[in-house]
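The residues making up each chain are set out below.
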Amino acid sequence: MNKRPEDQPQTTPSNRTPQPAQTNNQEKPEPSQKPVASPDKDSGSISRVKKNKGSSNGGSSAKAAASTQSTPFDVNSLSEKEIESLRRSLKRYVKGKPTRRFNPVSAPAMILQGFTQFVKIICLLLAAAIFLTGGIGIGTVFGYVATTKPLPADLLKSGTQTSYVYDIKGDIMAKFTGAENIDRVYIPYNTVRDTYIDDAFIAIEDERFETNIGIDPKRILSAVVSALANSGEATHGGSTITQQTVKLITGDDQRSAQRKVQEWYKAVMLNQQLTKWEIMELYLNLVPMANSYVGIETASRAYFGKSASELTLPECAYLAGVPKSPSTYNPWTESGRRNGMRRQRIVLNKMYEIGKISLAEYRDALETELVFKKDTTPSAATQINSYFTEYAVSMAIKDMQERNDYSEELARQIITGGGVKIYTTMEPHVQEALDQTFQKQELFAADFSRVVNMPELPEAGMAVINNKTGAIAGMQGGYGDKQSNLVLNRATDIQRQPGSVTKPINVYAPAMEMYKVTGATILDDKKVFLDPENPEEPYPKNAYYPQYRGKMTLRNALKISNNVPAAEVMLMIGVDSSKYFMQKVGIDRTDDSASIAMAMGGYETGMSPLEIASAFTVFPTGGLYTPHYSYTKVVDSQGNILLENNPSYEQVYRPGVAYMMTKVMEETVKGKTSNFPYEGSAAGYGMLTNAVGETIATSGKTGTTDEDVDKWFCAFTPYYTGAVWYGFDNRIKKQSVIGPDNEGAKRIWFDAMRVIHAGEPPANWTQPADIVELKICIHSGKLASYSCGSGNAVSEYFEKNSPLTPQSVCPIHGGRPITPFGAAKTTPVVTESTTTGAQTSPTSASENPPSNGVQPPTTIATGPDQVVPSEQQLPAEPTNQPVEGQPIMPSTEPLP
Ligand SMILES: [Zn+2]
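Residues numbered from 1 in each chain as written. Predicted model: local features only at pLDDT ≥ 70, side-chain atom pairs only at ≥ 80, totals over all residues. Heavy atoms only, no water.

## Some thoughts on the overall build of the protein chain
Step number 1: Each helix and strand in the protein chain was counted, giving 31 helices and 18 strands.
Step number 2: For the protein chain, contacts bridging at least 24 residues in sequence account for 74% of all contacts bridging at least 6.
Step number 3: Summing over all exposed atoms, the protein chain offers an accessible surface of approximately 36800 Å²; the carbon and sulfur share of this is 52%. (Helix = DSSP H or I, 4+ residues; strand = E, 2+ residues; numbered from the N terminus. Contact = heavy atoms within 4.5 Å. Areas by Shrake-Rupley, 256 points an atom, 1.4 Å probe, with all protein chains shown as cover.)

Here it is in structure tokens:
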């Protein structure tokens, strides 16, 4: 960072001694040529004045000075113009004071100097802290200082370096150079050095900025005195520009004694680490400027339609007044502008008072009318960032902020302008497939003529997770080409009702984990009245099939996605357990009061495709969940790792449960597989195949919300999990999906996932050792006999050790079981008496299904069966831990 070379003290000795008559004349600024009484109303004149500010030794001013030279030094004989020149000369002398840098000072001297200064500071901090808290010990103050997090001095200096975003192969996806950052334009101090913006801020915020030690004891003292006089409430703050910069860096604005002491300490340290002008640069770039604009360049463009480097004195004075209370001085409101003009005069007055401007400049500025106009030229940001890039960058900013206690603005500047490298998890072949899919109009509207006149066109969002790593492999936030930056990302930012798509993760898998159900559990789809608000009204109803379908296995209930069985199972496990398991897969709706409606995906707060996809990865990974992430690391220009993401797996479900659920969810993409007369809700698409037609196992779940407002499909293979939301943004009015577009989410999912898997080997699920495959009868859920008939006998998967694994033959048809007794383990480790679900075991549930007399859901959560399962309640401990962070690998065995 350059100091102001032209502001350095002139070498003429007389410049430092009070004989300024000659030297001041050489520095006489141009405005002195103009008669003060007739200021040029054209703001351009101020502009011209400003341009000479930094180059005071220019020939013209020297010449001008010659004409007003006077010989003997006599203050009384000086003209007003000469006094102004004198004032400016002195000011420049002060301003040119070398900034404090660590380097040039010898080490012992530095330590000594640092030590004495430290002692002084500690004394000051102690005095002030004692006052603030009504008495705390010196140890406490030292404690506060010792626990102060250091500021990232190196990163702070790098506001305009190019940052790069890479895909998983190491190819550049995007680059950022501060200026391309939307609504945040970082400028080096040099850019505005020749304007009055720094002078204006110094005058109004911190008049001793150039000489203080980062904090201003005088200011603090006067704040303390004013607080004493006002029974504890200081009438003004004691914050220097350096302290304000610290606040802007850390985002801290708490008023505890500890924070205050730490802020002081940090300000003093910052003053040691950076030059005054580096601090000013940070301040000018971080300062809030109303209307959520941040930084002086952004504000200048927004309010005056020009770059900050072209700001005139009156404009600088206006802007410097804004940060004190951005909403009060917001120039876009009538009252804000009036307040702002009033404050502008105060700023100008102060600038004149402390010698930052001449009387002529002061008067000229007062007479200049401010012209507010917005910059209508296109922003410097021509680069449209992809949804993935935007998301990964926003996550890096968020993590930078949270993990380091930085302010959002600072984190943003480090990530997008700090010369960092962001290594994302984007897999190019996945992303390209999504990009192509989201260009296909026919996937979004089977008959475009039917939607073209709608207020909005159908939209979609899709997220794909790599099951091996839990990382986001690709995403698409909307149909067609992305038109600008920071538009709605429907993969990550929407919160739509999930409908039935959540049934596997909020009802069925939790119930399997709690030994309440298996795929063979018989559930009764019949008229029930489970809405306590409307006890006369049948609830829930079915979305796909308006009629009730009677008794069926859990597998078949999920296959056609009807609602009563899901509600029935929700009653078995309780809403709290459901929330517990959702929270375990990254969807925390603990405070959601939706109750039984959750079984049908009716939440107060909806979900994004990313959340749903990530939650479903728990199945192909054998019950393991790791939170999703979009980048693996962020490193600075020196190669230091600033941020890092590694998968951190937690066993949410037993591997057997994950497998059983996965096998049940295969039913969704299948047609008729038995005497059960319905097709899966995603039949017609089927299992994925690779480019040569080999099968890649596919399991999933559809979802639809009331009136066909939202369409969901989430499905996974051994390789990837993808979730799609399809519908209308509903910004204008609520719009239902029409006709064949009910398939929208599935069409999009299959179109993209087929391409994504084209090059993968065939794959099937790996069956855990404790899983046994049995033939059961779809009418009883018990072991199928030869009397059941082949159309009623189907394969189902059970845990050998589970008390729910069928041990008896079908009571409806009787006869000899197809699978011999003893195929499953006959001595379960859990007996009925130790299973919490004994009273509502699936068998009894199917024999005595809940009917009209079923307890209202409000009482469910308090029942003994509905508490979140503890370790004591769960018979088996998870043992299948991942090896070196790798979940179960997809089997490459071809399907039989
Ligand atoms: Zn049978």
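From this point, the discussion proceeds with the structure in view.
## Brief notes about the packing of aromatic side chains
Step number 1: Under the criterion given, the structure shown has 28 aromatic pairs.
Step number 2: Their ring planes at 35° and their centres at 6.4 Å tell us that Tyr164 and Tyr166 sit as a pair that is tilted.
Step number 3: Using a relative accessible area of 10% as the deciding quantity, one classes Tyr166 as buried.
Step number 4: The interplanar angle of 85° and the centroid separation of 5.1 Å between the aromatic rings of Tyr580 and Phe581 together place this pair among those described as edge-to-face. (Phe/Tyr/Trp six-rings, centres within 6.5 Å; stacked < 30°, edge-to-face > 60°. Buried < 20%, exposed > 50% of the residue type's maximum accessible area, 1.4 Å probe, protein only.)

## Observations concerning the pairing of strand β15 (residues 710-716)
The side chains of a regular strand alternate, residue by residue, between the two faces of the sheet.
Step number 1: Summarising burial for β15: seven of the seven residues are buried, a large majority.
Step number 2: Bridging between strand β14 (residues 699-704) and β15 involves six bridges; their strand directions are antiparallel. The residue bridging Lys701 from the neighbouring strand is Cys714, located in β15.
Step number 3: Between β14 and β15, which follow one another and run antiparallel, lie five residues, and Glu707 among them has a positive phi close to 60°.
Step number 4: Direction of pairing for β15 relative to strand β16 (residues 720-727): antiparallel, over a ladder of seven bridges. Residue Trp712 lies in a different strand from β16, and its bridge partner there is Trp725.
Step number 5: Counting the residues in the hairpin turn of β15 and β16 gives three residues. (Pairing = 2+ DSSP bridges.)

## A few points about the coordination of the zinc ion
Step number 1: Distances from the zinc ion to its protein donors, Cys777 (SG), Cys788 (SG), Cys810 (SG) and His813 (ND1), fall at 2.0 to 2.3 Å.
Step number 2: Coordination at the zinc ion is tetrahedral, judged from the four donor atoms that bind it and the angles of 102 to 116° they form at the metal.
Step number 3: Mapping the donors of the zinc ion onto the primary sequence yields the spacing C-x10-C-x21-C-x2-H. With Cys777 in strand β17 (residues 771-777) and His813 in the loop between β18 (793-799) and α30 (842-847), this pair connects stretches of sequence that are 36 residues apart. (Donors = N, O, S within 2.8 Å, 3.2 Å for Na, K, Ca; no water. Tetrahedral: all angles 85-135°; square planar, octahedral: opposite > 155°, others 65-115°.)

## Observations regarding helix α19 (residues 408-417)
Step number 1: The element α19 is largely enclosed, with a buried count of nine among its ten residues.
Step number 2: Of the positions making up α19, those classed as buried are Glu409, Leu410, Ala411, Arg412, Gln413, Ile414, Ile415, Thr416 and Gly417.
Step number 3: Gly419 occupies a position one or two residues after α19 and carries a positive phi of about 70°.

## What about the nonpolar core?
Step number 1: Core analysis: the largest hydrophobic core is formed by 82 residues, its most contacted members being Tyr508, Phe619 and Met661.
Step number 2: For this core, the element with the highest residue contribution is helix α25 (residues 563-573), accounting for eight residues.
Step number 3: Apart from residues no more than four positions distant in its own chain, Met661 is found in contact with Pro504, Tyr508, Ala509, Met512, Leu558 and Phe619.
Step number 4: In terms of nonpolar packing, the next biggest core, distinct from the first, is built from 79 residues, Ile249, Leu319, Leu348 and Leu370 among them. (Core = buried A, V, L, I, M, F, W, Y, C linked by side-chain atoms within 4.5 Å.)

## Observations concerning the packing of helix α9 (residues 197-205) against helix α13 (residues 276-286)
Step number 1: Contact geometry for α9 and α13: axes closest at 11 Å, N-to-C directions at 90°. Classified by the angle between their axes, α9 and α13 sit roughly perpendicular to one another. Here α9 contributes Ile197, Asp198, Phe201, Ile202 and Glu205 to the contact with α13, which in turn contributes Trp277, Met280, Tyr283 and Leu284. (Axes fitted to C-alpha atoms, helices over the stretch in contact; angles between N-to-C directions. Parallel < 35°, antiparallel > 145°, perpendicular 65-115°, else oblique.)

## Remarks on helix α14 (residues 296-304)
Step number 1: With eight of nine residues buried, α14 is to be regarded as a mostly interior element.
Step number 2: Within the span of α14, buried status applies to Ile296, Glu297, Thr298, Ala299, Ser300, Ala302, Tyr303 and Phe304.
Step number 3: Lining the buried residues of α14 we find α9, α13 and α15 (313-321).
Step number 4: Once α14 ends, the next one or two residues include Gly305, with phi positive near 65°.

## Description of the pattern of salt bridges
Step number 1: Per the stated rule, a full pass over the model turns up 31 salt bridges.
Step number 2: Note that Glu315 and Lys306 form a salt bridge whose closest N and O atoms lie 2.9 Å from each other. Note on accessibility: Glu315 and Lys306 belong to one class, buried.
Step number 3: Here Lys670 and Glu666 are joined by a salt bridge, their closest N and O atoms 3.6 Å apart.
Step number 4: Residue class for Lys670 comes out partly exposed when judged on its relative accessible area of 27%.
Step number 5: Classification of Glu666 by relative accessible area gives buried; the value is 5%.
Step number 6: Sharing partners across several salt bridges, the network here consists of Arg555, Lys559, Glu667 and Glu796. (Salt bridge = Lys/Arg side-chain N within 4 Å of Asp/Glu carboxyl O.)

## Some thoughts on the sheet that holds strand β4 (residues 459-466)
Step number 1: Strand order in the open sheet made by the five strands is β5-β4-β16-β15-β14, with antiparallel pairing throughout. At either end of the open sheet lies a strand with only one pairing partner, and these are β5 (472-476) and β14. Recorded for the sheet is a direction-independent mean angle of 10° between the axes of neighbouring strands.
Step number 2: Strands β4, β5, β14, β15 and β16 of the sheet are contacted by helix α27 (residues 609-616), whose axis makes an angle of about 30° with β4.

## Observations concerning the pairing of strand β10 (residues 641-644)
Step number 1: As paired elements, strand β9 (residues 631-635) and β10 share three bridges and run antiparallel to each other. Its bridge partner being in β10, Lys633 is matched across the sheet by Glu644.
Step number 2: Two successive antiparallel strands, β9 and β10, enclose a turn made up of five residues, where Gly639 displays a positive phi of approximately 90°.

## Some points on unusual backbone geometry
Step number 1: Between Tyr539 and the following residue, Pro540, the backbone shows a cis peptide bond with an omega angle of -5°.
Step number 2: Take Pro540: it is sitting in the loop between β6 (522-525) and β7 (550-553).
Step number 3: Positive phi is not limited to glycine here, since Ser595 has a value of about 60°.
Step number 4: Within the element layout of this structure, Ser595 appears in the loop between α26 (575-584) and α27.
Step number 5: The phi angle at Glu707 is positive, at roughly 60°, despite the residue not being glycine.
Step number 6: Within the element layout of this structure, Glu707 appears in the loop between β14 and β15.
Step number 7: Accessibility expressed as a relative area gives 56% for Glu707, which makes it exposed.

## Things to note about the side chain of Asp206
Step number 1: Looking at the secondary structure, you find Asp206 in the loop between α9 and α10 (217-229).
Step number 2: The exposure class assigned to Asp206 is buried, which follows from its relative accessible area of 0%.
Step number 3: Not counting residues within four places of it along the chain, the set of residues in contact with Asp206 comprises Phe201, Asn212, Asp216, Arg219, Thr240, Ile241 and Thr242.

## Topic: the environment of Ile241
Step number 1: Its place among the elements puts Ile241 in helix α11 (residues 241-250).
Step number 2: In this structure, the C-alpha to C-alpha distance between Ile241 and Asp216, residues 25 residues apart in sequence, is 9.8 Å.
Step number 3: Ile241 has contacts with Phe201, Ile202, Glu205, Asp206, Phe209, Met280 and Tyr283, leaving out every residue within four places of it along the chain.

## Quick notes on the environment of Phe616
Step number 1: As for its placement among the helices and strands, Phe616 is situated in helix α27.
Step number 2: When the C-alpha atoms of Phe616 and Val501 are compared, they prove to be 10.0 Å apart, with 115 residues separating the residues in sequence.
Step number 3: In this view, Phe616 contacts Val501, Pro504, Ile505, Met665, Lys701, Cys714, Phe716 and Thr721; residues no more than four positions away in its chain are not counted.

## Considerations on the confidence of the model for the protein chain
Step number 1: Averaged over all residues, the pLDDT of the protein chain is 78; the fraction at 70 or higher stands at 70%.
Step number 2: Predicted confidence for residues 89-110 stays below pLDDT 50, and this span has 49 contacts to residues more than four positions away or in other chains.
Step number 3: Note that pLDDT drops below 50 for residues 825-896; the model gives that stretch 124 contacts with residues more than four away or on any other chain. (pLDDT = per-residue confidence, 0-100.)

## Brief notes about the environment of Thr605
Step number 1: Within the secondary structure layout, Thr605 lies in the loop between α26 and α27.
Step number 2: The partly exposed category is assigned to Thr605, whose relative accessible area is 32%.
Step number 3: The sequence separation of Thr605 and Ala594 amounts to eleven residues, and the corresponding C-alpha distance is 9.2 Å.
Step number 4: When sequence neighbours within four positions are dropped, the list of residues in contact with Thr605 reads Gln495, Arg589 and Asp592.

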